[in-house]
Structures are given as structure tokens and as C-alpha cells.
Amino acid sequence: MEPQNDTRISEFFLLGFSDAPALQPLIFGLFLSMYLISVFGNLLIILAVNSDSHLHTPMYFFLSNLSFVDICFTSTTIPKMLWNIQTQSKVITYEGCITQMYFFVLFAVLDDLLLTVMAYDRFVAICHPLHYTVIMNPWLCGVLVLMSWIMGVLNSLLQSLIVLDLTFCEDLEIPQFFCELNQVIQLACSDTFLNNMMIYFTSLLLAIGPLAGILYSYSKIISSIYRIGSTQEKYKAFSTCASHLLVVSLFYCTSLGVYLGSAGTHSSHSSATASVMYTVVTPMLNPFVYSLRNKDIKRALKAFMGQQL
């Protein structure tokens, strides 16, 4: 039987939204604005880092990669949602759903792995400052990013191929505004034991593992900061980690909300809220989090904007 996916995106927007025709322009404008802010904000971070030689360091190299992944992450879901609102259609093809799911999983895992790499970078910078340039050399930085991409691609490809083997029922309604892996699997009529085991295994390997690495890095960082005698030096050391710690908290809290919501009932408004936070708001906030408290980024942005005027 030919699988057909009918995506009812209106059922899972933030509380207060509905698919009432009068509200569609407001929904369209809101998500278009957030998407454009996310794209241009992260693009400015990339351009600022590349244009300023003072920012050609491991920390900003990883940050520019994270910004690129965030642009791709939001672009896997929001343009399709905006197109559906504009055309008053809720349909996404089977092939389109699998493709969207592949890239969504890919960039979600990349976000996770890059945040872990950035935590390791901060660990080396604070706990081993004298050896920082030796340890975090350009070759290692490139390898860490490349390995993140390889792990993300292999995981996403494997998850998508296993979904292709599933048999779906005639009426398919995905209770989200994008094809989320768990909820697509829940719609299958065939046995999903292998899919569920693969999700649990990859969650342990690519979610819990990196989180454990981040927590370990920050336990060592806090211990090192605590041993610093000067209060000013303590603040300076912690300020280099504050932005990253805030982004990590946003990422894991919202991703946990999406996971718990997709595993629960199909009418959960909390799942929709977490999904919007996870796919739109967090990537949109990242440039602000990293730039507002970072003098180097603000200086580079001012210099870059001055060159363009």
C-alpha cells in the first residue's frame, strides 16, 4: 500500500494558536520572522568569525560550525511549514517526510556533538591553559568536526533506512509540523521493535554519552575555577563558559521535551511548545547568547558591518 502522510501542523503549535483562517497570517508572520532572525543571526556569526583573524581560534571555529548547523537545522522544518500555511495545505509526501526526517536527525545530532566538542575545548582552555594551543591544534579541531559529521550522517542514514522497511496504515496523520522520528514510527502497522531498539541505542550513544562528557568537562572546569585565588580571574574564567552552558541547557531541555512529548499522547500541547523551542527558538537565540556577552564577537560584528557600509 502506498504510504501517505497528512501532516496536521495546526494541532501542535504553541498554546493559543489554531488553524482558524483568521490566525494563519499571524502564524505565518511569526514563524517567518523567527526563521529570518535565526538564519541572519547565525550567518552574521559565521561572517564575523571568518572576517576577523583574531577569532581564528578553536572556540570560534567550533562556534561558526555550530551556527552553520543551526541554519541547516531550522531550514529542514520551517520553510515547509511556511509553504503549507501559504498554500493552505497540510500534506507532505512520503518521500518528503523521509528526507525531512533524515536531515532533521542529522543536524540535531550534529548540534549535540558540536556542543560536546565545545565543552571539551573549554575544559582544555581552563584546566590545561599552558598546553591549550598544543592540544587544540588545527588538525585536531578539523578531525573533531569531521568525526561529528561522519557520526551524524551514519546515524541518520541508518535510522532512515530502517523506517523505509516499515509498513504504514492507510490514513497517516503526523501530529506535528514536521516529520519527527518517534511519531513516524508510532504510525507504522508493522513491527517496530528494531526501530525502537535503534532509537534507544543511538540515544544512549549520541545523547546520553555527549551529555555525560559535557557534565564531566564542567565538573573539572568548576573545580579548576574554584581553585583560582582571584575573584576577578574566577569571573573571567567562568564568563568564557557561561554562553556555552546556557546554550547546552536550552538544547537539552527542549530536546528532552520533544522526546517525552512524542513518546506520550498525540494531542500534547507541551510537545508542540518544546518542538517550537527546539527547532526555532533555540537556534534563533544562539547568536544572541554568544554575542551579547562576548566582546570579541561584538567587536568583529561592528568591524564587519563597518566594512559593508
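Residues numbered from 1 in each chain as written. Predicted model: local features only at pLDDT ≥ 70, side-chain atom pairs only at ≥ 80, totals over all residues. Heavy atoms only, no water.

(A) A look at the packing of helix 1 (residues 24-51) against helix 3 (residues 78-87). Put simply, helix 1 and helix 3 touch, their axes get as near as 10 Å, and they point 160 degrees apart. Our classification of the angle between helix 1 and helix 3 gives roughly antiparallel. As for how helix 1 packs across helix 3, the hand of that crossing is left-handed. Two secondary-structure elements touch here, helix 1 through Q24, I27, F28, F31, L32 and Y35 and helix 3 through I78, P79, M81, L82, I85 and Q86. (Axes fitted to C-alpha atoms, helices over the stretch in contact; angles between N-to-C directions. Helix = DSSP H or I, 4+ residues; strand = E, 2+ residues; numbered from the N terminus. Parallel < 35°, antiparallel > 145°, perpendicular 65-115°, else oblique. Left-handed = near helix turned anticlockwise from the far one by under 90°. Contact = heavy atoms within 4.5 Å.)

(B) Structural context of the pattern of salt bridges. One pass over the structure, following the stated rule, counts 2 salt bridges. For R299, the salt bridge is made with D52, and the minimal N-O distance between the two is 3.5 Å. In this pair, R299 sits in helix 11 (residues 295-308) while D52 sits in the loop between helix 1 and helix 2 (58-75), placing the two residues 247 residues apart along the sequence. (Salt bridge = Lys/Arg side-chain N within 4 Å of Asp/Glu carboxyl O.)

(C) Looking closely at the side chain of S243. Residue placement: S243 occurs in helix 9 (residues 231-263). Here the side chain of S243 touches V289 through a polar contact of 3.1 Å, landing on its backbone oxygen. (Polar contact = N/O pair within 3.5 Å; in protein donor to acceptor, adjacent residues only side chain to side chain.)

(D) Region of interest: the confidence of the model for the protein. Counting all residues, the mean pLDDT for the protein is 81, and 83% of those residues have values of 70 or more. Note that residues 1-17 has pLDDT below 50 and, in this model, 59 contacts with residues that lie over four places away or in other chains. (pLDDT = per-residue confidence, 0-100.)

(E) Just the nonpolar core, in detail. Ranked by size, the top nonpolar core spans 65 residues in total, and within it F31, L115, I221 and I297 carry the most contacts. If you tally residues by element for this core, the top one is helix 4 (residues 94-127), at 15 residues. In terms of nonpolar packing, the next biggest core, distinct from the first, is built from 19 residues, C97, M101, F168 and C179 among them. (Core = buried A, V, L, I, M, F, W, Y, C linked by side-chain atoms within 4.5 Å. Buried < 20%, exposed > 50% of the residue type's maximum accessible area, 1.4 Å probe, protein only.)

(F) Highlighting the UniProt feature "transmembrane region" (unreviewed entry) in the protein. On the UniProt side, "transmembrane region" (unreviewed entry) is annotated at positions that read residues 26-47, 59-78, 98-120, 132-151, 197-216, 237-260 and 272-292 here. When the span residues 59-78 is considered, its composition is 90% helix and 0% strand, and the gap between its end C-alpha atoms is 29 Å. In residues 98-120, helix accounts for 100% and strand for 0%; the two terminal C-alpha atoms are 33 Å from one another. (UniProt positions renumbered as here; feature names shortened; annotations may be inferred.)

(G) Spotlight on the packing of helix 4 against helix 6 (residues 138-164). Relative orientation of the contacting elements helix 4 and helix 6 amounts to 150 degrees, with a least axis distance of 8 Å. Compared by their axis directions, helix 4 and helix 6 come out roughly antiparallel. The handedness of the crossing between helix 4 and helix 6 comes out as right-handed. By residue class, the composition of the contact of helix 4 with helix 6 is 21 nonpolar, 5 polar and no charged. (Nonpolar A, V, L, I, M, F, W, Y, C, P; charged D, E, K, R; others polar.)

(H) Representation of helix 6. For helix 6, with 27 residues, the first-to-last C-alpha span of 39 Å sits near the 39 Å given by 1.5 Å per residue. Those residues of helix 6 not exposed but buried are L140, C141, V145, S148, G152, N155, S156, Q159, S160, I162 and V163. Elements that come into contact with the buried residues of helix 6 comprise helix 2, helix 4, helix 5 (132-135), helix 7 (181-186) and helix 8 (193-226). Looking at where helix 6 begins, the residue whose side-chain oxygen comes 3.1 Å from the main-chain nitrogen of W139 is N137. (Expected span 1.5 Å × (residues − 1).)

(I) Molecular detail of the packing of aromatic side chains. All told, the structure shown has 8 aromatic pairs when counted by the stated rule. Pairing F73 with F104 gives two aromatic rings, centres 5.2 Å apart and planes at 35 degrees, and the pair type is tilted. Placement of F73 in helix 2 and of F104 in helix 4 is noted, with a sequence separation of 31 residues between them. Using a relative accessible area of 1% as the deciding quantity, one classes F73 as buried. A ring pair is formed by F103 and F107, whose centres lie 6.2 Å apart and whose planes are at 15 degrees; its orientation type is stacked. Separated by 4 residues within a single helix, F103 and F107 lie in helix 4, roughly one turn from each other. Assessed through its relative accessible area of 35%, F103 is described here as partly exposed. (Phe/Tyr/Trp six-rings, centres within 6.5 Å; stacked < 30°, edge-to-face > 60°.)

(J) Spatial organisation of a nonpolar patch on the surface. Among the surface-exposed residues, L36, F40, L43, L44, L47 and M305 lie close enough to one another that they form a single nonpolar patch of about 480 Å² accessible area. If you tally residues by element for the nonpolar patch, the top one is helix 1, at 5 residues. On the secondary structure map, L44 appears in helix 1. Looking at L44, the relative accessible area reads 31%, which means it is partly exposed. (Patch = residues over 30% accessible without salt bridge, like charges linked within 9 Å, V, L, I, M, F, W, Y side chains within 5 Å. Areas by Shrake-Rupley, 256 points an atom, 1.4 Å probe, with all protein chains shown as cover.)

(K) Spatial organisation of the environment of T77. Turning to its location among the elements, T77 is positioned in the loop between helix 2 and helix 3. Owing to a relative accessible area of 0%, T77 belongs among the buried residues under this scheme. Considering only alpha carbons, one finds T77 and T279, 202 residues apart in sequence, at a separation of 7.7 Å.

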